[in-house]
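Structural overview for review
Take a look at the letters that make up each chain.
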Number of protein chains: 2
Amino acid sequence: MNDQARMKSWDTVAVVGVGLIGGSIGLALRERGLARNVVGVGRDKERLGIAEQCGAVTSTTTDWSEGVQDAELIVVCTPVDHVVDHVRQVSQSCQASALITDAGSTKGRICRGIESQPITSGVFVGSHPMAGSHKSGPEHARADLFEGSLTVVTPTERTREEDTEQITLFWKSLGSHVVRTSPEEHDRAVAAISHLPHVVASALAASTSPEHLPLAGTGWRDTTRVAAGDAELWRQILADNRDHVLQSLDNFAKVLTEYREALAADGQTELIKLLEVGKRNRDSLGS
Amino acid sequence: MNDQARMKSWDTVAVVGVGLIGGSIGLALRERGLARNVVGVGRDKERLGIAEQCGAVTSTTTDWSEGVQDAELIVVCTPVDHVVDHVRQVSQSCQASALITDAGSTKGRICRGIESQPITSGVFVGSHPMAGSHKSGPEHARADLFEGSLTVVTPTERTREEDTEQITLFWKSLGSHVVRTSPEEHDRAVAAISHLPHVVASALAASTSPEHLPLAGTGWRDTTRVAAGDAELWRQILADNRDHVLQSLDNFAKVLTEYREALAADGQTELIKLLEVGKRNRDSLGS
């Protein structure tokens, strides 16, 4: 039986936190006819209202207990600093059989934190949908955000295979590819492929003198695009994955120093060698 | 009289070097009905053939003397290391009244080099159309490449105002905005806004371990996009503008160190301050 045939629909899914990711999950579930009810759960009534207006959720509530009590699946899409607390909170009101996952950009602290003190009810499996945008908020949600994207699902040694399977199937049903790694492997990899680029883009944007900005073309714009991401969300992510990010930063700084030395010494062979390695890595992914 | 009213058409324009930029100039001139003849001049018959097939030029020749003799305007679009030689070469066969410009990404060495030993015939005014792509070759040329883009025109103290005006009008007629600076001011500015981003993107791509590439999302892709540019072209540009690029690199490295220190010290206030400066600079330009 292939994944398509096994794609199940849910009666009720609760989305806790209706920003870009939560809103897009709701839109995708509804557009694909995968959930009868999508309950938007949050604290900010205006934000919940926008999510409902956008069609991302079928109902909303600021009463978390009421919001999650009927859900078979609960997706916690709040900033990484809050995920552990929010998972604990929903577990106090959800069904014993409820599946709980999250969408946090770091996984070690979250998954180990939840595991260290088992939750009251429901079963947690960590996720990181690597889709997104430098834009945030439910008004930027898109039903196709996960199509062709990659989601990392991070079971631990204690996670039951069938639960990992269900969460994997959930993300696949939204159009995402799924890979599994341990929370720690995930954090090391995203430090290099996502968190380091954010720091580099932000430092590049910050180091640019405003007097030069009028000359900015597609090169500067592309290279700095992610720096437009929400500063507080990114502070949390970087702080949460500090050790791996520092390691990636040091690798990068070492390579940057090689470029500097090749340039300063007018080392044409060295410089072109470095530019070619960069080009080869970039070309391997296409546009 | 506004620029539109003053937009003149040329009888014959010669484009020397029919890559992405040269090809796009030809396509734009033809699509906008601004030139009766666009002569593609180069050394590589196959490349010239592609440019003609794409409709970028109306005729082609590998005989440079024949190619430029009837041209009122000659645009040299060859790699920066060759621009001075190529301008000298076309000046030996062109009309005394011919205007010559280039499309090189550096301007100091080119403009001062040509000025230091006046050319035989024709008048040179340097240009840098800041449009482009990480793709190269006439097959990627686009008639709209310059629309809404920015071109820097770099007269020196010896350039006649009317010649600067003509070259300015030429780029405007292709849809570009135009600013004027000295060749030296240009080089300092593009080191920061274009050459530094290239080095940073390339170093980021080069420092990424291939094992992590399968996880690359839009963040890594955007931040490293320009690293796909032609390595030899970029080696020439960086070497040509070495002093300014080194200065920009050092500014960047200093800011990057501030990020590292804030992160290592868990300096939440410092880190968010840095992320906010980056975001503010990036946001000021829109998506």
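Since this is a predicted model, take the numbers as computed values, not measurements. (Residues numbered from 1 in each chain as written. Chains lettered and ligands numbered in written order. Predicted model: local features only at pLDDT ≥ 70, side-chain atom pairs only at ≥ 80, totals over all residues.)

Details of the sheet that holds strand 5 (residues 99-102) of chain A
Residue and element names in this part refer to chain A. Read across the sheet, 6 strands follow the order 3-2-1-4-5-6 without closing on themselves; strand pairing throughout is parallel. Taken across any chain shown, the strands that pair with only one partner, and hence form the sheet edges, are strand 3 (59-61) and strand 6 (123-124). When strand 1 (residues 10-16) meets strand 4 (residues 73-76), the two strands line up parallel, connected through 4 bridges. Residue pairing for strand 4: Val-16 is matched across the bridge by Val-76. Where helix 2 (residues 20-31) meets the sheet, it contacts strand 1, strand 2 (35-41) and strand 4, and its direction lies at approximately 165 degrees from that of strand 2. (Pairing = 2+ DSSP bridges. Helix = DSSP H or I, 4+ residues; strand = E, 2+ residues; numbered from the N terminus. Contact = placed C-beta atoms within 7 Å. Axes fitted to C-alpha atoms, helices over the stretch in contact; angles between N-to-C directions.)

Quick look at the pairing of strand 4 of chain A
All names here are of chain A. Residue alternation in strand 4 divides its side chains into two sets, Leu-73 and Val-75 and Ile-74 and Val-76, and both sets are buried. Where strand 4 lies against strand 5, 4 bridges are found, and the strand directions are parallel. Looking at strand 5, one finds that Ile-74 is bridged to Ile-100. Handedness of the strand 4-helix 5 (residues 80-91)-strand 5 crossover: right-handed. (Buried ≥ 20, exposed ≤ 12 C-beta atoms within 10 Å, placed from the backbone. Right-handed = clockwise from strand over helix to strand, strands pointing away.)

A closer look at the environment of Arg-221 of chain A
Residue and element names in this part refer to chain A. Structurally, Arg-221 is set in helix 9 (residues 218-224). Given 16 C-beta atoms within 10 Å, Arg-221 falls into the partly exposed group. A C-alpha to C-alpha distance of 9.2 Å links Arg-221 and Ala-205, two positions 16 residues apart in sequence.

With respect to the packing of helix 12 (residues 268-283) of chain A against helix 10 (residues 231-240) of chain B
In contact at an axis separation of 9 Å, helix 12 of chain A and helix 10 of chain B are set at 130 degrees when each is read in the N-to-C sense. Looking at the two axes, helix 12 of chain A sits oblique to helix 10 of chain B. The two elements helix 12 of chain A and helix 10 of chain B cross, and the hand of that crossing is right-handed. Where helix 12 of chain A abuts helix 10 of chain B, its residues Gln-268, Leu-271, Ile-272, Leu-275, Glu-276 and Lys-279 of chain A lie against Ala-231, Glu-232, Trp-234, Arg-235, Leu-238 and Ala-239 of chain B. Here the contact of helix 12 of chain A with helix 10 of chain B is composed, by residue class, of 7 nonpolar, 1 polar and 4 charged. (Parallel < 35°, antiparallel > 145°, perpendicular 65-115°, else oblique. Left-handed = near helix turned anticlockwise from the far one by under 90°. Nonpolar A, V, L, I, M, F, W, Y, C, P; charged D, E, K, R; others polar.)

Looking at the relation of the copies chain A and chain B
Each copy of the sequence occupies a distinct position, and chain A is placed on chain B by a rotation of 180 degrees and an axial shift of 0.0 Å, giving an RMSD of 0.0 Å. The operation mapping one copy onto its partner corresponds to a two-fold rotation axis. Scanning chain A for the C-alpha nearest the rotation axis identifies Thr-223 of chain A, at a separation of 2.0 Å. Most of the interface of chain A is mirrored in chain B, where 100% of its interface residues are also at the interface. (Least-squares fit on C-alpha atoms with pLDDT ≥ 70 in both.)

Here's the deal with the domain arrangement of chain A
Residues and elements named next belong to chain A. Each assigned domain of chain A is listed here: domain 1 (3-181) and domain 2 (186-283). Once you take the C-alpha centre of each, domain 1 and domain 2 turn out to be 31 Å apart. With 14 residues of domain 1 at the interface, the matching set in domain 2 holds 13 residues. Of all the elements in the fold, those that place two or more residues in the side of domain 1 that touches domain 2 are helix 5, helix 6 (108-116) and strand 8 (150-154). Each residue belonging to the side of domain 1 that touches domain 2 can be placed in one class, and the counts come to 3 nonpolar, 8 polar and 3 charged. (Domains from an automatic or database assignment.)

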